[in-house]
Amino acid sequence: MSADIVDRITHSTAPKKNRRQLSGVAQFWLIFRYISLTIILAMVILPIYVLVVNSFKGISGVYLNTAFELPKTLNFETWSAAWDWLAVPMGRTLLFVTQSSIISALIGSINGYVLSKWRFAGSNAVFMLFLFGMFIPYQAIMIPLTQFNKLVGLTGSIYVLVLAHVVYGIPICTLIFRNYYASIPDEIIEAGRVDGASMVRIYRAIILPLSIPAFVVVLIWQFTSAWNDFLFAIFLTGGSPKLAVATTALNWLTGSSNQVYYGKNMTASLMASIPTLLVYMFLGRYFLRGLLSGSLKG
Amino acid sequence: MATVQSKQVSARIGGFFFVLPSILAIAIFVYGMIAYTFNVSLTNRNSASVKDIKHVGFKNYTELFADERFIHALGNLLKFTGVFLVGTLLSGFIMALLLEKGVAGEGLFRSFYLYPMAISFIAMGTVWRWLLNSSRDGDAGGLNLVLQKIGLGFLQNDWYLSPRGAMFAMAVPAIWQMSGYVMALFLAGFRGIPDDLREAARVDGASEFKIYRHVLFPQLSPTFLTVLIILGHISMKVFDLIIGISGKSYVTDVLAVYMWQVTFDITNFAKGASIAMIILFLVAIVVIPYLSHVNKTEREN
């Protein structure tokens, strides 16, 4: 059995041969590969490069035909303007995203534990029915969901988003934990059981301490997807400024009526992306694992 | 023995009780709510003021297929899906192919190729709206300016403002975002192939090209299928990307955006629900065969 999918990807078989030992043809292909990789790199970086350089050109220093040029001086005007617009929504987003990620991770961990180690009749079918929930277009539940929120009195509170991200996060969180626990040998559970430990005790004493990597994967996955979510936010908070989150606040700012403030728009877009970019920079490996679990492989 | 067995049975029932809250949540919020939406789609709730709600059969669906706007949005979605699938598959595959043997600095390339997945399209929409700006020649900025600079000025175009090419333009940022993901999947595919296969072919005197063509590529067909399904279902649901770049403009209308407008701007719930069911149907025909395939391979293991 091949190793874990992320290990497989990051297992670099960097060329051990010295370049001088390579034949002419091999050398040509190596150079060709580097040039192609660098061109692709430039294309991938271009959009974020434009955001970064234009965020330092001031409120009125941003023009389309000089969009690719570096700023002549570093001007932080747009940063304070964007902060005025985004500080409250970003704080609100952080608050609800933290809550929904933690609850999702706990639920996912319990489900994953039972569905991998304590299967019951029909547990496989249950898992498959969960998985389908991961792929549905949320438009198909939006109308009843808004009515449900009204019915239970959640409308007008940020908890509409906590509820949505927790409930619709159940499939992916369960999947990640289930796959992770499947790699823990059954013998460990067996040994605990022989010692007379209950299911809950085995979970607390043996499984939970081993679960930290899976918790990191699920937490940052839920964090990133809830932070970047626009669909639930726009449907469930109904455009109320009182409930603006990072994406909706940004969309109101940059939406077509507001296109004159290019510099501020660029900076705000960058600012709203900083939390998830930081997570990606420092925990990229865990992010990749969450991303790949969505493909159901490994 | 009997006590051990009964203990195990009770543990299994206990396990079921721990999952029960989630089972109920999924039953209500996924399946129950889909059923509810379907039911709404069969009624006459065509505005918020309808008091006498009654079933009208599939009238909303037949009306949709006579609705020029809906047909336009559906056509746009299919156009977008075609370009997005081919473009992302190709670019992701090429990235993986370039990296698969390992190069110095591979980690750096990989990390940069994947970062677009960490950012929302609402944020990137701002900059893509600039990059896909339609001004040309002297006034050009964005990609039109890049094309001029690299001597491909004749390729300058109106991007998402052009009635015919809008969806092709919309696929550009989508390809930009998802290529790294496809690269990762193919890279995992390449590196899951045992080295012996390559070695054996080499010993047999096969050229590098032939090794790729006849030994490695056939091994990647399961990955290819996975990629196709992942991209396919994402494409059917495309929403943020369109809103982030062109908003609710007619030329780039797709089903998800139309559904949003119909439901929340004009509160035609029955029509919105019908569009939602059609998106669900499109996703289901892509995903259900895949899930049953995954289920089968799981059982075999």
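Residues numbered from 1 in each chain as written. Chains lettered and ligands numbered in written order. Predicted model: local features only at pLDDT ≥ 70, side-chain atom pairs only at ≥ 80, totals over all residues. Heavy atoms only, no water.

### Overview of the packing of aromatic side chains
Next, step 1: In the structure shown here, the tally under the stated rule is 39 aromatic pairs over all chains.
Next, step 2: An angle of 65° between the planes, with centres 6.5 Å apart, marks the rings of Tyr113(A) and Trp118(A) as edge-to-face. Each member of the pair, Tyr113(A) as well as Trp118(A), carries the same accessibility label: buried.
Next, step 3: Their ring planes at 80° and their centres at 5.2 Å tell us that Phe65(B) and Phe70(B) sit as a pair that is edge-to-face.
Next, step 4: A relative accessible area of 47% means that Phe65(B) is categorised as partly exposed.
Next, step 5: Ring pairing ties together the aromatic residues Tyr113(A), Trp118(A), Phe177(A), Tyr180(A), Tyr181(A), Tyr203(A) and Phe215(A), which thus form one cluster.
Next, step 6: One residue, Arg178(A), lies across the ring of Phe127(A), its end atom 3.9 Å from the ring centre. (Phe/Tyr/Trp six-rings, centres within 6.5 Å; stacked < 30°, edge-to-face > 60°. Buried < 20%, exposed > 50% of the residue type's maximum accessible area, 1.4 Å probe, protein only. Lys NZ or Arg CZ within 6 Å of the ring centre and 35° of its normal.)

### What about the interface of chain A and chain B?
Next, step 1: If you look at the interface, chain A gives 94 residues, while chain B gives 97 residues.
Next, step 2: Here chain A and chain B share an interface that buries about 8,800 Å² over both sides, 74% of which is from carbon and sulfur atoms.
Next, step 3: Area buried by chain A at its contact with chain B is led by Leu64(A), Phe135(A) and Ile143(A), which between them contribute 8% of it.
Next, step 4: Viewed at the interface, chain B and chain A are joined by 0 salt bridges.
Next, step 5: Summed over the shared surface of chain A and chain B, the result is 21 residue pairs in polar contact (both at pLDDT 80 or more).
Next, step 6: Per-element accounting of the side of chain A that touches chain B gives the leading share, 15 residues, to helix H2 (residues 24-54) of chain A. (Contact = heavy atoms within 4.5 Å. Buried area = accessible area lost by both parts, 1.4 Å probe. Salt bridge = Lys/Arg side-chain N within 4 Å of Asp/Glu carboxyl O. Polar contact = N/O pair within 3.5 Å; in protein donor to acceptor, adjacent residues only side chain to side chain. Helix = DSSP H or I, 4+ residues; strand = E, 2+ residues; numbered from the N terminus.)

### A closer look at the domain arrangement of chain A
Residues and elements named next belong to chain A.
Next, step 1: Segmenting chain A into domains produces domain 1 (2-54) and domain 2 (79-296).
Next, step 2: Computed from C-alpha atoms alone, the centre-to-centre distance between domain 1 and domain 2 is 32 Å.
Next, step 3: For domain 1, the biggest contributors to the area lost against domain 2 are Val6, Leu51 and Asn54; these three give 53% of the whole.
Next, step 4: Across the domain 1-domain 2 interface, the total number found is 1 salt bridge.
Next, step 5: Our count for the domain 1 to domain 2 interface comes out at 2 residue pairs in polar contact (both at pLDDT 80 or more).
Next, step 6: At the level of elements, helix H1 (5-10) and H2 are the ones that each hand at least two residues to the side of domain 1 that touches domain 2. (Domains from an automatic or database assignment.)

### Some points on the side chain of Asp253(B)
Residue and element names in this part refer to chain B.
Next, step 1: Position of Asp253 among the secondary structure elements: in the loop between helix H11 (240-246) and helix H12 (255-265).
Next, step 2: Residue Asp253 is classed as buried on the basis of its relative accessible area of 1%.
Next, step 3: Within polar-contact distance, the side chain of Asp253 engages the side chain of Arg69 at 2.6 Å.
Next, step 4: Residues in contact with Asp253, not counting those within four places in the same chain, are Arg69, His72, Ala73, Asn76, Tyr258 and Gln261.

### Thoughts on the nonpolar core
Next, step 1: Residues Tyr113(A), Ile141(A), Tyr168(A), Phe232(A), Tyr113(B), Trp128(B) and Leu255(B) are the most contacted members of the largest nonpolar core, which totals 206 residues.
Next, step 2: Of the residues forming this core, the biggest block, 17 residues, is contributed by helix H7 (residues 166-191) of chain B.
Next, step 3: Counting only domains with at least three residues in this core, you end up with domain 1 (2-54) and domain 2 (79-296) of chain A.
Next, step 4: In contact with Ile141(A), not counting residues within four places along its chain, are Ile136(A), Tyr168(A), Phe232(A), Phe29(B), Val30(B), Met33(B), Ile34(B) and Thr37(B). (Core = buried A, V, L, I, M, F, W, Y, C linked by side-chain atoms within 4.5 Å.)

### Some details on the confidence of the model for chain B
Caution applies to low-pLDDT regions: their predicted coordinates should not be interpreted in detail.
Next, step 1: Confidence along chain B averages 90 in pLDDT terms, with 96% of residues attaining 70 or more.
Next, step 2: Interface confidence in the predicted complex, given as ipTM, is 0.91; pTM for the same model is 0.92. (pLDDT = per-residue confidence, 0-100.)

### Considering helix H13 (residues 262-293) of chain A
Residue and element names in this part refer to chain A.
Next, step 1: Compared with an ideal rise of 1.5 Å per residue, which puts 32 residues at 46 Å, H13 spans 38 Å between its outermost C-alpha atoms and falls more than 12% short.
Next, step 2: At Leu283, H13 is deflected by roughly 100°, the largest bend along its length.
Next, step 3: The element H13 is extensively covered by neighbouring structure, given that 23 of its 32 residues are classed as buried. (Expected span 1.5 Å × (residues − 1). Bend = angle between axes of the 7 residues up to and from the residue.)

### Quick notes on unusual backbone geometry
Residue and element names in this part refer to chain B.
Next, step 1: Despite not being glycine, Trp159 has its phi angle at roughly 50°, a positive value.
Next, step 2: Although it is not a glycine, Thr267 adopts a positive phi angle of roughly 40°.
Next, step 3: Within the secondary structure layout, Thr267 lies in the loop between H12 and helix H13 (269-300).

### Here we look at the confidence of the model for chain A
Next, step 1: Of the residues in chain A, 93% have a pLDDT of 70 or more, and the chain-wide mean is 89.
Next, step 2: Highest mean pLDDT in chain A belongs to helix H6 (residues 159-167) of chain A (97); lowest belongs to H1(A) (81).

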